[in-house]
Amino acid sequence: MTKVRKRRILLYAVLVIGVVPTLLPFVWLVRSALMDNNQMFIAPPQWIPRPFEWSNFSGALTAQPFARYFLNTMIIEVFTVIGTLLTCSIAAFSFSRLRWRGRNVVFGILLSGLMLPQAVLLVPTFLMWDAVQAINTYYPLIVPAWLGGAGGGIFNVFLLRQFFLTIPYELDEAAYIDGASPLRVFWQVIVPLSKPALMVVGIFTFIRTWNEFLDPLIYLNDSSKFTLALGLASFQGTYNAQWGYLMAAATATILPIVVLFFFAQRYLIEGVTLTGVKG
Amino acid sequence: MTDEVAIRRTAVTRAARKLRSGVSGQSRLERRWGLLLALPAIIGFVVFSLAPMAVSAVLSLTDWTIGSTPSFVGVDNYVHMFSQDPLFLKSLGVTTYYTLGAVPLTLVVAFAIAMLLNAKVRGLGVYRTIYYLPTLVPSVANAVLWLWIFNPDFGLLNSTLRQLGAPTSNWVFSETAVVPSLILMSSWGFGNIMVIFLAGLQGVPRHLYEAVAIDGGGAWRQFRHVTLPMMTPVLFYNLVTSIIGTFQVFNQAYIMTQGGPNNASTFYVYYLYTTAFTKSEMGYASALAWALFVIVMVITVALFRSSNRWVYYEMGAAR
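Residues numbered from 1 in each chain as written. Chains lettered and ligands numbered in written order. Predicted model: local features only at pLDDT ≥ 70, side-chain atom pairs only at ≥ 80, totals over all residues. Heavy atoms only, no water.

Undergrad: Could you give me a rundown of the overall build of chain B, with the residues and numbers involved?
TA: From N to C terminus, chain B includes 13 helices and 0 strands. Walking chain B from its N terminus toward its C terminus, one meets helices and strands in the order α-α-α-α-α-α-α-α-α-α-α-α-α. Here the C-alpha atoms of chain B give a radius of gyration of 28 Å, more than 25% beyond the 20 Å that 2.2 N^0.38 yields for 319 residues. Oriented by its inertia axes, the alpha-carbon framework of chain B measures out at about 100 × 70 × 35 Å. For chain B, with 319 residues in total, the buried portion stands at 48%. For chain B, the exposed surface amounts to about 15,700 Å²; the carbon and sulfur share of it is 65%. Positive and negative side-chain charges in chain B, numbering 21 and 12 respectively, have mean positions lying 15 Å apart. (Helix = DSSP H or I, 4+ residues; strand = E, 2+ residues; numbered from the N terminus. Rg over C-alpha atoms; globule rule 2.2 N^0.38 Å. Buried < 20%, exposed > 50% of the residue type's maximum accessible area, 1.4 Å probe, protein only. Areas by Shrake-Rupley, 256 points an atom, 1.4 Å probe, with all protein chains shown as cover. Lys, Arg positive; Asp, Glu negative; His and termini not counted. Charge placed at Lys NZ, Arg CZ, Asp CG, Glu CD.)

This is the structure:
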């Protein structure tokens, strides 16, 4: 009993101690975002901003058009998330619930794309978009999402397929006997039952798109078309010694994702468990 | 009476016939719709994976620079790469160094924390959220934040070390410390791997632990003989995806170090990027891309080959 008790105390101690290095960079980020330049460079470092320099936020976010970047990012997000959800789930439906010749072979081939380092495709994909004069537009960032999430998107198909396989097939059969088409079965039977899995894919796609840097960097030239990630990188290039501004801008790009995560957490945990990401 | 039976019987046969024809009609339906619904994903694969691979294979055999006319040079690019391009070897070395540091470190940290979070403790949800938070930081914001943490004069790390009277470092601004610094930074992003470990840990059957306990085995034995073997498939998955990931490190080099100092952080994909989009040497960049593909392929195949020696798959788990 005492041994068990000792072990529990140790467990809590390690959990609590581990929190320190995990959260310290966040504390450092936020304190720097709220500190004026006089206090920022005092040694040893101070932790509580005095006064709270909220002007870092207003200053940073107006020094470059971050509102515009935010809007641009959201436009890309909307099209990317909808496209990914639609085409990935429909492909997953076909790969899990419709029987057609060569289905498993095709799925295996598509899945092998996961092993393909995306960086390898950089040059030819760029040249392809260049050939159709789509450089400096959002097409290169959005269109792949409408084709089964192309590239790494097949992982979503895999995830959704795993989930669809757990739904009893009798439901489909009943609908078919009533004369439903596969598309209708997908839309009225499978989709309503798969909300947790779709939620997970949607949220992860949102986060991934939010973080995306290399593709926007290559395809977008006009600063008026920049995404938040790209805007922050260019901001960093210009204001590279203005740490208050930089931390405020960084905080502003992190915050929406953290807020989203807090709202979506329940679905994520539920969904990750349900889809059972296992080797 | 007999009429009623007859009516019922015809009703049953009609329903059965309808069912049968429905089923055979349905298989036709499934065949037609199946391919159609999978088509977007198939087109996506062909247009955004297969075709680019083929195009870059052809391009890699040319000396095409944007603005010039390409000419066929055979395998010259590949020969040049290995014999006359010190940056190719350098970037490959830097990337390998980073992979060898970052992958084991991140896997160990993620596994350890997943083990902690798999225990039944009060406030578990809070801990899980806290430990997952760093993963949510977008990589550009992460790079900017760590640049400030690594700042030699006023950064978090050196300030703390100075207070403790410990030796300081120039971190990403030092040729020798830059890769270890980025490895340290990478371990902060353990969250996604941790979640996958956690899902795996929750799938380990309880009765196995009980069996070890009955045999008098303690915590270490349970870990060594149940947790570890049962987790090898998850470990293997994380290992493979992590390595593919670290071989494509780019953002840190672009934002934090521009490949420096003295090319000490010229990661492979950063070198590929500058070759293609700064120097516009699309032919050579394609050759670099193919070399990367082959390298990653070889590593992946080697890992898969080794897997039957150390990865434990439950009987009947394979469908």
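Undergrad: Outline the UniProt feature "domain: ABC transmembrane type-1" (unreviewed entry) in chain B, supporting the account with residue identities and numerical values.
TA: UniProt feature "domain: ABC transmembrane type-1" (unreviewed entry): in the numbering of this structure it lies at residues 92-305 of chain B. Between the end C-alpha atoms of residues 92-305 of chain B there is a gap of 23 Å, over a span that is 74% helix and 0% strand. (UniProt positions renumbered as here; feature names shortened; annotations may be inferred.)

Undergrad: Explain the interface of chain A and chain B to me, and be specific about the residues and the numbers.
TA: Each side of the interface is counted separately: chain A has 97 residues, and chain B has 89 residues. Counting the surface lost from both chain A and chain B, the interface buries some 8,100 Å², and carbon and sulfur atoms represent 80% of this. Contact with chain B buries surface across chain A, with Leu 15, Trp 28 and Met 115 of chain A losing the most and accounting together for 8% of the total. Applying the counting criterion to the chain A and chain B interface returns 1 salt bridge. In this structure, the salt-bridge partner of Glu 30 of chain B is Arg 99 of chain A, at a minimum N-O distance of 3.3 Å. In this assembly, chain A and chain B are joined by 12 residue pairs in polar contact (both at pLDDT 80 or more). Ranked by residues supplied to the side of chain A that touches chain B, first place goes to helix 1 (residues 2-33) of chain A with 19 residues. (Contact = heavy atoms within 4.5 Å. Buried area = accessible area lost by both parts, 1.4 Å probe. Salt bridge = Lys/Arg side-chain N within 4 Å of Asp/Glu carboxyl O. Polar contact = N/O pair within 3.5 Å; in protein donor to acceptor, adjacent residues only side chain to side chain.)

Undergrad: Can you lay out the packing of aromatic side chains for me, pointing to particular residues and giving the numbers?
TA: Ring pairs (aromatic) are described by centroid distance and by the angle formed between their planes. Overall, the coordinates contain 45 aromatic pairs over all chains when judged by the stated rule. Each ring, one from Phe 52 of chain A and one from Trp 54 of chain A, has its centre 6.4 Å from the other, and the planes form 20 degrees; the classification is stacked. The exposure class of Phe 52 of chain A is partly exposed, given its relative accessible area of 46%. When its relative accessible area of 54% is taken as the criterion, Trp 54 of chain A is described as exposed. Taking 5.3 Å as the distance between ring centres and 55 degrees as the angle between the ring planes, the aromatic pair formed by Phe 93 of chain A and Phe 186 of chain A counts as tilted. Note that Phe 93 of chain A is positioned in helix 4 (residues 66-97) and Phe 186 of chain A in helix 10 (residues 182-193), a separation of 93 residues in sequence. Each member of the pair Phe 93 of chain A and Phe 186 of chain A is classed as buried. Pairwise contacts between aromatic rings join Phe 126, Phe 213 and Tyr 219 of chain A together with Phe 250, Tyr 254, Tyr 270, Tyr 273 and Phe 277 of chain B into one cluster. Sitting over the face of the ring of Trp 28 of chain A, Arg 31 of chain A holds its NZ or CZ atom 4.1 Å from the ring centroid. (Phe/Tyr/Trp six-rings, centres within 6.5 Å; stacked < 30°, edge-to-face > 60°. Lys NZ or Arg CZ within 6 Å of the ring centre and 35° of its normal.)

Undergrad: I'd like a description of the environment of Pro 124 of chain A, backed by residues and values.
TA: Tracing the backbone through its elements, the reader meets Pro 124 of chain A in helix 6 (residues 122-131). Its relative accessible area of 4% is what places Pro 124 of chain A among the buried residues. Spatially, the C-alpha atoms of Pro 124 of chain A and Met 74 of chain A are 27 Å apart, while their sequence positions differ by 50 residues. Setting aside anything within four residues of it in sequence, one finds Pro 124 of chain A in contact with Pro 52, Val 55 and Ser 56 of chain B.

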